[in-house]
Every structure is written in C-alpha cells, then in structure tokens.
Amino acid sequence: MTADHGRRFEGQVALITGASRGIGLAVAQRLVDEGARVVVTARKPDGLADAVAQLGAENAIAVAGRADDAEHRAEAIATAIREYGSLDVLVNNTGINPAYGKLADIDEAAARKIMDVNVLAALLWTRQAVAAGLGRERPGTVVNMASVAGLAPAPGIAYYGVSKAALIGLTYQLAAELAPNIRVNAIAPAVVKTKFAEALYSDDEAAAAAQYPLQRLGVPEDIGAAAAFLASSDSGWITGQVLVVDGGGGLRASL
Ligand SMILES: NC(=O)c1ccc[n+]([C@@H]2O[C@H](COP(=O)([O-])OP(=O)(O)OC[C@H]3O[C@@H](n4cnc5c(N)ncnc54)[C@H](OP(=O)(O)O)[C@@H]3O)[C@@H](O)[C@H]2O)c1
C-alpha cells in the first residue's frame, strides 16, 4: 500500500476489465491500495496471474475471457459477488484497435469488432452488473475508459475514435438512466505509456512528450488516480462527465 493514498474503497469490491497490464492494472492497483478487493479480467491467463501476484492474492481474483463474451461477463460478475460479497465499482477499461487508417479504408469486420468490444461490451457489462446488484444496496459507480480520440478527429485511428465517441455517448445515456443509485463517468486519456500505445511514441519519446504542455507522456498511474476519483464518493455529485487526462494536450490549439 502506498502511504499517501487514502482508503476510499475500504470494504468495496471493484471489477476492472482488461486489467492484466497497462491502464487497467494501474486502476486495479490504485483501488487495492485504497482498500478495495478486485476482480480483474483479460484474455490471457498468464498475464492475469502476474497481475494477481502484483496486486496480492488476498486482494484480487482473475477471471480470463473476452470482454465481448456474455458467459465470461457473467462468470466474472458472479465471481465478485460469490467471493467478495458485492460489486460496487465497474471499470469498463477494455479497448481494442485492430485497424489503422482512414474511415474510407476501414475493413468492415474490423469495424464491427471494434464496436463490439469498445462500446457494446461496455453496455452489456454494465447491464449485467446492474442485474447482479450494482447500486442496489449502496451507491455504485461505473467508469468507462474513453480517449481524446473520441472528442476530436483522430488521424490514423479514425474508427477507434468513432468507437470512443460512442462510448462517451453511452456514458451520458447510462448516467441519465441509472441515476441516482449509480453514477457513470468516462475518462479521456491522451497518450499513456502502455503496450497499446507504444507505436505512438517509441521512435522518439522526447519529441512525443514535447507535444504536451506538461512535457511528458501519461503513465498508467495518472489514469489510475483519475479513475479512483470518479469511482469514489469524492466525485459524489458528478455523473455523465468526461474527465480529460491529457497533460494539457487539448490546450495546444490555443498556444
Ligand atoms: N494507452 C493509451 O495511450 C490510451 C489512450 C487513451 C485511451 N486508452 C484506452 O485505455 C484502455 C486500456 O488501454 P492500455 O493502453 O492500458 O492497453 P494495454 O496495455 O494493451 O492493455 C490492454 C488490456 O486489455 C486486455 N484485453 C485486450 N483485449 C481484450 C479483450 N478483447 N477482452 C478482454 N481483455 C482484453 C489485455 O490483456 P489480454 O491481451 O490478455 O487480453 C490487457 O490486460 C483501452 O480502452 C484504450 O482504448 C489508452
């Protein structure tokens, strides 16, 4: 446990999808540091085993599967309730981008897969969690991992950006429908140093970092802290919002 973190999630249970590495693992770590017990998901059991070793076997359980698989979702949610007794926080973090280029060139099957995993699965995770009791006996929170690519045109990752814009729309709609017992917010990160984004900065990290007023790229812990805020009662009067975490990148146009 990190000494200067609070204990905002003492006695709470969180489920974080796509959490064997990168942003999802940092979110899980932050919630565990603050007292939560977590269920983490990803496709590959090996990566999940490493994640559980890092988080501590007393704090974390892994359930392997695809985010867009209904049986996997049901198993992960049931595991949280069976093993830890409740589900208080859902972080829809899984996101994929198997297609680069312009919308004009997007492969149709890839486009469908992106929407299935990045958008529809987030809705279905949320619905299944609500059906299983999220927000029923005490307040619940949902945090969706969007992207700055969902807020403005995103050269090279066009359809991924469209999917993140849809995830932001989903966030607004779910926030309206699930209030007052469940708050639903999104995070829109710019480039964060993970395997997913490596190609965007690995050639020249210093040049990539110089694009941001805060002069560095994001690290997964930056997003872990933002997610913990939105999942905690510190954001108790905030729902249906998108928290941009971008090192000031959005200011570039006005500099
Ligand atoms: N990194 C950035 O710059 C950045 C910026 C904005 C938004 N984001 C968003 O942040 C989220 C996390 O990205 P990241 O950068 O942390 O990626 P990452 O380091 O590649 O981690 C992705 C995680 O998701 C799992 N995963 C991938 N596909 C999955 C699927 N279909 N079903 C279940 N789990 C799956 C991976 O494990 P397995 O491979 O074992 O499945 C891994 O645990 C994504 O939604 C991404 O769009 C990232």
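Numbers given to residues run from 1 along each chain, matching the order in which its sequence is written. The model is predicted, so local features are restricted to residues of pLDDT at least 70 and side-chain atom pairs to those at 80 or more, both for listing and for counting; the totals for chains, interfaces and linings are taken over all residues. With hydrogens and water excluded, all non-hydrogen atoms of the structure serve as input to the side-chain values.

Enquirer: What is the right way to read the packing of aromatic side chains from this model?
Expert: Between two aromatic rings, the relevant description is the distance of the centres plus the angle of the planes. Working definition: rings of Phe, Tyr and Trp (its six-membered ring) pair if their centres are within 6.5 Å, and the pair is stacked with planes under 30 degrees apart, edge-to-face with planes over 60 apart, and tilted otherwise. Overall, the coordinates contain one aromatic pair when judged by the stated rule. Aromatic pair Y160 and F196: ring centres 5.7 Å apart, planes at 45°, arrangement tilted. With Y160 in helix α5 (residues 158-178) and F196 in the loop between β6 (182-189) and α6 (205-210), this pair connects stretches of sequence that are 36 residues apart. Residue exposure (1.4 Å probe, protein chains only): buried if accessible area is under 20% of the type maximum, exposed if over 50%, otherwise partly exposed. Residue classification places Y160 among the buried positions, given a relative accessible area of 8%. For F196, a relative accessible area of 45% puts it in the partly exposed group. Charge-over-ring placement is defined geometrically: NZ (Lys) or CZ (Arg) within 6 Å of the ring centre, and within 35 degrees of the ring normal. Taking NZ or CZ as reference, R252 lies 5.3 Å from the ring centre of Y212, over its face. Secondary structure elements follow DSSP: runs of H or I of four or more residues count as helices, runs of E of two or more count as strands, with numbering from the N terminus.

Enquirer: Is there a simple way to think about the nonpolar core in this case?
Expert: The nonpolar side chains of a soluble globular protein tend to be buried, and buried together. Only buried Ala, Val, Leu, Ile, Met, Phe, Trp, Tyr and Cys residues count toward a nonpolar core, and they belong to the same one when joined by side-chain atoms within 4.5 Å. Grouped together as the largest cluster of nonpolar side chains are 31 residues, with contacts concentrated most on I16, V27, L31, V38, V40, L55 and I187. For this core, the secondary structure elements donating two or more residues are β1 (13-16), α1 (22-33), β2 (37-42), α2 (45-55), β4 (89-92), β5 (140-145) and α7 (220-231). The contact criterion used throughout is that any non-hydrogen atoms of two residues lie within 4.5 Å. Dropping the residues within four chain positions of it, V27 is found in contact with I16, V91, M145, I223, G224 and A227.

Enquirer: Before we go on, may I ask you to explain unusual backbone geometry in this structure?
Expert: Across the chain, the bulk of peptide bonds are trans and the bulk of non-glycine residues have phi less than zero. A cis amide bond links A179 with the next residue in sequence, P180, at an omega value of 5°. Following the sequence through the fold, P180 ends up in the loop between α5 and β6.

Enquirer: Got a minute to help me understand helix α3 (residues 70-84) in this structure?
Expert: Working note: α-helix, 3.6 residues per turn, so residues spaced by three or four point in the same direction. The length a helix should cover is 1.5 Å for every residue beyond the first. Over its 15 residues, α3 runs 21 Å from end to end, which matches the ideal 21 Å to within 8%, given 1.5 Å per residue. For α3, the elements touching its buried residues are β1, β2, β3 (60-64) and α4 (108-131). Two N or O atoms count as a polar contact when they lie within 3.5 Å, although within protein this holds only if one can serve as hydrogen donor and the other as acceptor, and sequence-adjacent residues are included solely when both atoms are side-chain atoms. Regarding α3, its N-cap is D69, as a side-chain oxygen of that residue lies 2.9 Å from the backbone nitrogen of E71 further along. Phi for G85, located one or two positions after α3, is positive at around 90°.

Enquirer: Mind showing me how you'd approach the site of the ligand here?
Expert: Proximity is defined per residue: any heavy atom of the residue falling within 4 Å of a molecule or strand makes that residue near it. Taken together, 29 residues sit near the ligand, with S20, R43, N93, Y160 and T194 positioned nearest. Here a nitrogen atom of the ligand and a backbone polar atom of A67 are 2.9 Å apart. Here an oxygen atom of the ligand and a backbone polar atom of N93 are 2.7 Å apart. Surface exposure here means Shrake-Rupley accessible area, sampled with a 1.4 Å probe, where a residue is shielded only by the protein chains that are shown. A total of 890 Å² of accessible area belongs to the ligand in isolation, and the protein chains cover 96% of it.

Enquirer: Whenever I open this one, the pattern of salt bridges confuses me. Can you help?
Expert: A pair can form between side chains of opposite charge whenever their charged atoms are brought close. Think of a salt bridge as a Lys or Arg side-chain nitrogen and an Asp or Glu carboxyl oxygen that are within 4 Å of each other. Under the definition given, this model contains eleven salt bridges. Of the charged contacts in the structure, one is a salt bridge between R30 and E34, with a shortest N-O distance of 2.8 Å. Overlapping salt bridges, with partners in common, bring together R8, R30, E34 and D234 in one network.

Enquirer: Can you help me understand the environment of R37 in this one?
Expert: With respect to the helices, strands and loops of the structure, R37 is situated in strand β2. By relative accessible area, R37 is classed as partly exposed at 32%. C-alpha separation for the pair R37 and L55, spaced 18 residues apart in sequence, amounts to 9.4 Å. Non-local contacts of R37, meaning those with residues more than four positions away in its chain, are made with Q12, V13, A14, E58, N59 and Y84. Engagement of the side chain of R37 in a polar contact is seen with the backbone oxygen of Y84, the distance being 3.5 Å.

Enquirer: Please clarify how the sheet that holds β1 should be interpreted in this entry.
Expert: Strand-to-strand pairing in sheets goes through backbone hydrogen bonds, with the strands running parallel or antiparallel. Spatial strand order, β3-β2-β1-β4-β5-β6-β7: seven strands in an open sheet with parallel pairing. With one partner strand each, in any of the chains shown, β3 and β7 (242-245) form the two edges of the open sheet. Going across the sheet, the axis of each strand differs from the next one's by a mean of 20°, ignoring polarity. In the sheet, β1 pairs with β4 via three bridges, with the strands oriented parallel. Among the inter-strand pairings, A14 is bridged to a residue of β4, identified as V89. Here α2 sits on the sheet and contacts β2 and β3; the angle it forms with β3, its principal contact strand, is near 170°. In this fold α4 packs onto β1, β2, β4, β5 and β6, with an angle of close to 165° to the strand it touches most, β4. Only strands joined by at least two bridges in the DSSP assignment are considered to pair. Throughout, an axis means a line fitted to C-alpha atoms (over the contacting stretch in the case of helices), and angles, computed between N-to-C directions, take values from 0 to 180 degrees.

Enquirer: What am I meant to see in the pairing of β4 here?
Expert: Taking every second residue as pointing to the same face, both faces of β4 are buried, with V89 and V91 on one and L90 and N92 on the other. Alignment of β4 against β5, held across four bridges, turns out to be parallel. Residue pairing across strands places N92 opposite N144, the latter belonging to β5. Of the crossover connections in this fold, the one passing from β4 over α4 to the parallel β5 is right-handed. Handedness of a crossover is defined as follows: orient the strands so they point away from the viewer, and if the path from the first strand over the helix to the second runs clockwise, the crossover is right-handed.

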